[in-house]
Amino acid sequence: MAPEQMAESPEGSGPLPAPRPLDALDQDIIRMLQADGRASIRSVAERVHVSRANAYARINRLIEDGVIRGFGARVNHERAGQGTSAYITLKIVQNSWRTVREQLRQLPGASHIALVGGDFDVLLLVHTPDNRSLRELVLTRLQAIPEVLSTRTLLVFEEEDLEPQG
């Protein structure tokens, strides 16, 4: 496969093959697994009307192609002792994204990191036990990263995970 057809995996574990087109059946399987990552192969096969072998093969292909990155639980952060959530915007030194991203991954409570365009460079979602912990994270951890030029904290008052449309 030509280098221009290869993409780097988000986890940095190496190149992924060029994406294959997803058909309606693949989309149905993805929606089912987003709604219930614990669904059995049998239940997936029954709901999309294919054999278990076909469902198994399609799910494995979606995993191998990097379409499905993993399976996890949707957590109620407040009930899990992480009652304070905030989006933090960061302006960073030009061309320092990879370095900053690696440092942000190490932060306790970091749950989403995005390089974005606009008035700031990075959007970070964090969950902390309380406001004091959030303050500590921003003032001592984030602002200590040399490539971080400035931060702005947006406190989340209420949040909701959306169920996949389907």
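Residues numbered from 1 in each chain as written. Predicted model: local features only at pLDDT ≥ 70, side-chain atom pairs only at ≥ 80, totals over all residues. Heavy atoms only, no water.

S.K.: Explanation requested: helix α2 (residues 41-48) in the structure shown.
M.R.: Structurally, the α-helix is built with 3.6 residues per turn, so residues lying three or four positions apart point the same way. Buried within α2 are the following residues: Val-44, Ala-45 and Val-48. Along the long axis of α2, the arc covered by the buried residues comes to 100°, so they all point the same way. Opposite its buried face, α2 presents the exposed residues Arg-42 and Arg-47, each directed more than 90 degrees away. Its buried side turned inward, α2 meets α1 (24-35) and α3 (52-64). Where α2 terminates, the next one or two residues include His-49, which has phi positive at roughly 65°. (Buried < 20%, exposed > 50% of the residue type's maximum accessible area, 1.4 Å probe, protein only. Helix = DSSP H or I, 4+ residues; strand = E, 2+ residues; numbered from the N terminus. Arc of directions from axis to C-beta. Contact = heavy atoms within 4.5 Å.)

S.K.: Help me out: how do you make sense of unusual backbone geometry in this one?
M.R.: Negative phi characterises most residues that are not glycine, and trans characterises most peptide bonds. If you check the backbone angles, His-49 has positive phi at about 65° while not being a glycine. With respect to the element layout, His-49 can be found in the loop between α2 and α3. Here His-49 falls in the exposed class, since its relative accessible area comes to 69%. Phi at Asn-95 takes a positive value of approximately 65°, unusual for a residue other than glycine.

S.K.: Just checking my understanding: could you explain α1 for this structure?
M.R.: With twelve residues, α1 should cover 16 Å at 1.5 Å per step; its first-to-last C-alpha distance of 17 Å lies within 8% of that length. Of all the positions in α1, only Leu-25, Asp-26, Ile-29, Ile-30, Met-32 and Leu-33 are classed as buried. An end-on view of α1 places all buried positions within 165° of arc, on one side of the element. In the core, the buried residues of α1 are packed alongside α2 and α3. The opening residue of α1 is Asp-23, an N-cap whose side-chain oxygen sits 3.1 Å from the backbone nitrogen of Leu-25. (Expected span 1.5 Å × (residues − 1). Polar contact = N/O pair within 3.5 Å; in protein donor to acceptor, adjacent residues only side chain to side chain.)

S.K.: Sorry, what's going on with the sheet that holds strand β4 (residues 110-115) here?
M.R.: Strand pairing in a sheet is mediated by backbone hydrogen bonds. Such pairs are either parallel or antiparallel. The sheet built from four strands is open, its strands ordered β4-β5-β3-β6 with antiparallel pairing. Lying at the two open borders of the sheet, with one neighbouring strand each, are β4 and β6 (148-156). Pairwise comparison of adjacent strand axes, ignoring direction, gives a mean angle of 20° for this sheet. Of the pairings in the sheet, the one linking strand β3 (residues 84-92) to β6 comprises eight bridges and is antiparallel in character. (Pairing = 2+ DSSP bridges. Axes fitted to C-alpha atoms, helices over the stretch in contact; angles between N-to-C directions.)

S.K.: I would appreciate a short explanation of the nonpolar core in the present structure.
M.R.: It is characteristic of soluble globular proteins that their nonpolar side chains tend to be buried jointly. Ranked by size, the top nonpolar core spans 17 residues in total, and within it Ile-88, Leu-90, Ile-92, Leu-104, Leu-124, Val-126 and Leu-142 carry the most contacts. If you list the elements that add at least two residues to this core, you get β3, α4 (97-105), β5 (122-128) and α5 (131-142). One finds Leu-25, Ile-30, Val-44 and Ile-68 within the second-largest nonpolar core, a separate group that totals 14 residues. (Core = buried A, V, L, I, M, F, W, Y, C linked by side-chain atoms within 4.5 Å.)

S.K.: Even after reading the chapter, I still don't get the environment of Phe-71, so can you show me in this structure?
M.R.: Here Phe-71 lies in the loop between α3 and β3. Taking C-alpha positions, Phe-71 is 5.7 Å from Gly-37, a pair spaced 34 residues apart along the chain. Sequence-distant contacts of Phe-71, defined by excluding residues within four places in its chain, comprise Leu-33, Gly-37 and Ile-63.

S.K.: It is not clear to me how the layout of surface pockets should be interpreted in this structure. Could you clarify?
M.R.: To find leftover empty space, one rolls a probe the size of a water molecule over the atoms. Approximately 1600 Å³ is the volume attributed to the largest pocket. Lining the largest pocket are 44 residues, with Ala-73, Arg-74, Ser-111, His-112 and Asp-161 sitting closest to its centre. Of all the secondary-structure elements, those providing two or more residues to the lining of the largest pocket are α1, β3, α4, β4, β5 and β6. Looking at the lining of the largest pocket element by element, the count peaks at four residues for α1. Looking at the lining of the largest pocket residue by residue, the classes come out as 18 nonpolar, 13 polar and 13 charged. (1 Å grid on protein atoms, 1.4 Å probe; cavity = no way out; pocket = protein on both sides within 12 Å on 5 of 7 lines; lining within 4 Å. Points joined across faces, edges and corners; volume = space filled by probe spheres on them. Nonpolar A, V, L, I, M, F, W, Y, C, P; charged D, E, K, R; others polar.)

S.K.: Before we go on, may I ask you to explain the pattern of salt bridges in this structure?
M.R.: Close approach of charged atoms allows side chains with opposite charge to pair. The final tally for this structure, using the stated rule, is eight salt bridges. A salt bridge links Glu-102 to Arg-101; the shortest N-O distance between them is 3.6 Å. Taking relative accessible area as the criterion, Arg-101 reaches 22% and is therefore assigned partly exposed. Two residues, Glu-102 and Arg-105, come together in a salt bridge whose shortest N-O distance is 3.0 Å. Within this pair, Glu-102 and its partner Arg-105 are both found in helix α4, separated by three residues, close to a single helical turn. With a relative accessible area of 35%, Glu-102 lands in the partly exposed category. Beyond isolated ion pairs, a larger network of salt bridges with shared partners links Asp-23, Asp-26, Arg-58 and Arg-61. (Salt bridge = Lys/Arg side-chain N within 4 Å of Asp/Glu carboxyl O.)

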